[in-house]
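# Coordinates in review
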Amino acid sequence: MRFLLLLCLLLQFVSAGHTQPPARQIRNIEAFTRLFGYIRHFHPSDEAASINWNQFAVYGALQVLKASSDEELVKILSNLFMPIAPSIQLGPEPQFSPASITPPKPREYKNIFWFHTGVGINDRRPYSSKRINRPIEAATGSSERSGLFTQVIDITGLRGKQIRIEGKMKANVTDGSGYLRIKIYKAGAAGLSYNIDSEPAKKNEWAVYRLSGMVDKNARQMILGGMLEGTGSVWFDDIKIFAYDQVLKQWEPVPVNNGDFETWSNALPANWNIAPAKRYKYTMATVGNNKVLSVASENAGMERNRPVVNINAVNYKHIPAPGTTLRKSIAKNIDVIFPIALYGTADHTFPVADSAKLNALKKEITAFYQQHKTAGNLAVRLGAIAIAWNVFKHFFPYWEDASKSADEFLNEAIKKSFADTTPLEFKQTLLKLTEPLNDGHMRVGLWGDTTHAYSVPLLLAWVEGQVVVDQVLDSSISGIKRGAVITALNGKDVMDIYKDRMSYISGSPQWKSYAAVSTLLDGSRYTTVEISYRQDGALHRQKWERSFGDAQYYNSLNRLKKPSGKIEDDLFYLDMSTVLQDSIDKWMPELAKARGIICDFRGHPESNNDFIDHLLKEEEDTKWLFTPQTAYPDQENIEFKGSGWNMKPKKPQVTGKVVFITDSRAISLSESYLGFIKDFKLATIIGQPSAGANGDVNTVNLPGGYTIIWTGMVAKNHDGSKHHLTGIVPDLPMERTIKGIREGRDEFFDKALKLVSE
């Protein structure tokens, strides 16, 4: 009955189209969101660790909407969180008894608390979140919590294409789900990757499950697979991939080896990689005359046999003692008192919650979530905000550079979530809300979104305060030339569009400008854009179709680049975004003796940072990357773990002049590379400041199919000075000119050539 009431409540809010939520609802959601973060990330009970927090966020956000008073809100929050965190106290003046979390013989118990290195969400190193003195926790979808099998798919010919994955599944699960899974690794952004899971299989009957979306233009590798997450059994069969052929206008099959599981070797399915996990077993089963893959959890001793995180492995000065509690405000006149360190045995943390209430809550959450998965549902949007906001509130390392406070961020996020009605609208909301964090790594992805996957084959640039055609990428474009100044798109002033686009992009001014201009012409396939431009002293206006896919765009740009290699008898040019380390190693005897070398860093390096060793004069061990570590919420008691690359000189040493070219396209790994060049004075850097966004990224998956990528650590210059937003400042700053573009000159390259030739 309660589930039906919640469903009616959700439909009421969605159908009413509440663009201005009542203050009461805003207060309710803000209180829930703050409490959600404290319990989700810092309450160390076994019950809290067993919850699917993404599903809980969606369910709980809708629950609190119906509260009409603070008294009712406190009651609803208590009902939600007490089965998970039995020791918390809520109210205007909550009273907490230390005896409630102190067992009869405390010396026989161990100290259980959360220790965060960054924050561990998706098993992305070097970040982790571990409960000390408890079995190692693992992120959803990792081999510790899932039985996973994978296969690398040949990505040749798939970049920029729409793909569809389908497969048959049947499940018999108690607290788990079966999934099809795709993981895509991308070039150009420090090897970023993201996961896409299908609709979960939970029913004990065979059904076909599907997922679809676009392959990025700069995708490097695609991994197909399936998994059982949690406990139970799932059977898999007939896993297939299809790619849409734009010429034939039909779906074409993509080879998947042994997708029907008919071939087995050594009791395992041939051509599939099995993720090692003691908790799961993989066996062959038969359905009629067909062979299928069975993945099942092994429940006996599951938790007891998993490795335990020992407190002696924690290098942290502010370890909370067992029974340590915090009092935090979750709304005006509503506080929460909760422990961040509990007593625990090998079997359970103390106190133990009501298992019947916990199991009932889990079942209700699961049933509700199965009906509400897309951001067309208000509950999904509010749940996603609760998850994302708390990740940033407690673990984002650059709040001192943000242009809005966490509280402002939350209030605006909630209001915008009520106004949205579609997944795409909510994606724009997430972009708008993360912009003030000023993090150039910040990305918001929505699986299946193709609204920006196509463009007109023109490369635009921001030059002399104007939007200019930098390159014409395809012969199908006629009339418009390099150096043409764009004045309007579809009748709208291009400067207004440019400024609006920047308002959705996070990062430094130089990064925002580059990212905005480079995407001005993007849109859905086969839509048209009317471009007004000034050229040869006259105004022109033409319409072009967005038919240039990401892969075509990416390949065309590479074709226009200068080839790496010898440009004169004793001068070399290295495009660091395309040249491989193998090529550099082959040329190294000549490079070492060359009169000059030009290294082009207007892009992302192609795994060639060993070249630095041939420039270094002495070994270095500087610490310039700092990962935050804490056991406390609200950015309290943070200690930083420093690291670096520890580079060593390598023979032969380069003896000639070396000039590096860079601009705002250089981000992340590019800046790590350039940091050595700048700080150790290994070469002269010319051009424009880099993006100012470095350090390993972290990711968070949100309900509705969203992924947010963000910077999880602090990166500095080697002397300890600020890098974030500032970037690598060239020794010789330069700006491009419209005249140079019209004349077909690369002014930065020309200057670099002059410098190495002198």
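Presented here is an overview of the structure given in this document. Throughout this description, residue numbers start from 1 for each chain and increase along the sequence as written. Residue-level local features of this predicted model are given only where pLDDT is at least 70; pairs of side-chain atoms are given and counted only at 80 or more, and the full residue set underlies all totals for whole chains, interfaces and linings. Side-chain metrics in this entry use all non-hydrogen atoms of the structure; hydrogen atoms and water are not considered.

## Details of the pairing of strand E13 (residues 280-287)
Quick reminder of the rule: The pairing criterion is simple: DSSP has to find at least two bridges between the two strands. For the purposes of this entry, the term helix denotes a DSSP run of H or I that reaches at least four residues, the term strand denotes a run of E that reaches at least two, and both are numbered from the N terminus.
Note: E13 against strand E14 (residues 290-297), eight bridges, orientation antiparallel. If you follow Lys281 over to E14, its bridge partner there is Ala296. Once E13 ends, the chain turns through two residues before running back antiparallel as E14, passing Gly288 with a positive phi of about 65°.

## Examining the pattern of salt bridges
How we decide: One side-chain nitrogen of Lys or Arg within 4 Å of one carboxyl oxygen of Asp or Glu is enough to make a salt bridge. Buried means the residue's accessible area, taken with a 1.4 Å probe over protein chains only, is under 20% of the maximum for its type, while exposed means over 50%, and partly exposed covers the values in between.
The final tally for this structure, using the stated rule, is 33 salt bridges. Between Asp335 and Arg327 there is a salt bridge whose closest N-O contact spans 2.9 Å. Here Asp335 falls in the buried class, since its relative accessible area comes to 15%. In this structure Arg327 comes out as partly exposed when scored by relative accessible area, which is 40%. Here Asp470 makes a salt bridge to Arg736, at a shortest N to O gap of 2.9 Å. Of this pair, Asp470 sits in strand E22 (residues 466-472) while Arg736 sits in the loop between strand E38 (732-733) and helix H15 (738-742), placing them 266 residues apart in sequence. Relative accessible area serves as the criterion here: at 9%, Asp470 is assigned to the buried category.

## Some remarks on the side chain of Glu30
Filter applied, for reference: Each polar contact in these results corresponds to two N or O atoms within 3.5 Å; when the atoms are within protein, one needs to be able to donate a hydrogen and the other to accept it, and residues that are neighboring in sequence are counted only if both atoms are side-chain atoms. Any two residues whose heavy atoms approach within 4.5 Å are treated as being in contact.
Secondary-structure assignment places Glu30 in helix H2 (residues 23-42). Only 3.0 Å separates the side chain of Glu30 from the side chain of Asn411, close enough to count as a polar contact. The contact partners of Glu30, leaving out residues within four places of it in the chain, are Ile330, Leu410, Asn411 and Ile414.

## Some words on the nonpolar core
The condition is simple: Definition of nonpolar core: a set of buried residues of the types Ala, Val, Leu, Ile, Met, Phe, Trp, Tyr and Cys, connected through side-chain atoms within 4.5 Å.
Grouped together as the largest cluster of nonpolar side chains are 128 residues, with contacts concentrated most on Phe56, Phe81, Phe392, Phe611 and Phe660. With 13 residues, the top contributor of residues to this core is helix H7 (residues 378-395). Counting residues in each nonpolar core, the second largest holds 34 residues, with Leu158, Ile241, Phe261 and Tyr282 among its members.

## With respect to the packing of aromatic side chains
Quick reminder of the rule: Two rings from Phe, Tyr or Trp (for Trp, the six-membered ring) form a pair when their centres sit within 6.5 Å of each other. Planes less than 30 degrees apart are called stacked, planes more than 60 degrees apart edge-to-face, and all others tilted. Working rule: Lys NZ or Arg CZ, within 6 Å of ring centre, within 35 degrees of ring normal, means a charge sits over the ring.
Applying the stated criterion to the full structure yields 35 aromatic pairs. Taking the centre distance of 5.5 Å and the plane angle of 55° together, the rings of Trp511 and Tyr514 count as tilted. Taken together, the positions of Trp511 and Tyr514, both in helix H11 (residues 509-518) and three residues apart, correspond to about one turn of that helix. Assessed through its relative accessible area of 8%, Trp511 is described here as buried. Using a relative accessible area of 32% as the deciding quantity, one classes Tyr514 as partly exposed. Centre to centre, the rings of Trp645 and Phe676 are 5.4 Å apart; their planes meet at 25°, and the pair counts as stacked. Here Phe676 lies in helix H14 (residues 669-679) and Trp645 lies in the loop between strand E32 (639-643) and strand E33 (657-662), a separation of 31 residues in the sequence. The exposure class assigned to Trp645 is partly exposed, which follows from its relative accessible area of 24%. If you follow Arg164 out to its NZ or CZ, it ends over the ring of Trp251, 4.9 Å from the centre.

## Description of the sheet that holds strand E30 (residues 596-601)
Stated precisely, the cut-off is as follows: Whenever a helix is involved, its axis is fitted only over the stretch in contact; in every case the axis is a line through C-alpha atoms, and angles between N-to-C directions fall within 0 to 180 degrees.
Strands sit in the order E28-E29-E30-E33-E34-E38 across an open sheet of six strands; the sheet is mixed. Strands at the two margins of the open sheet, each flanked by one partner only, are strand E28 (565-568) and E38. Bridge analysis of strand E29 (residues 571-575) against E30 gives five bridges, and the strand direction is parallel. By the bridge assignment, Phe572 is partnered in E30 with Ile597. This element, helix H13 (residues 581-593), spans E28, E29 and E30 of the sheet and lies at about 135° to E29. On top of the sheet, H14 reaches E30, E33 and strand E34 (684-687); it is set at about 145° to E33, its chief contact.

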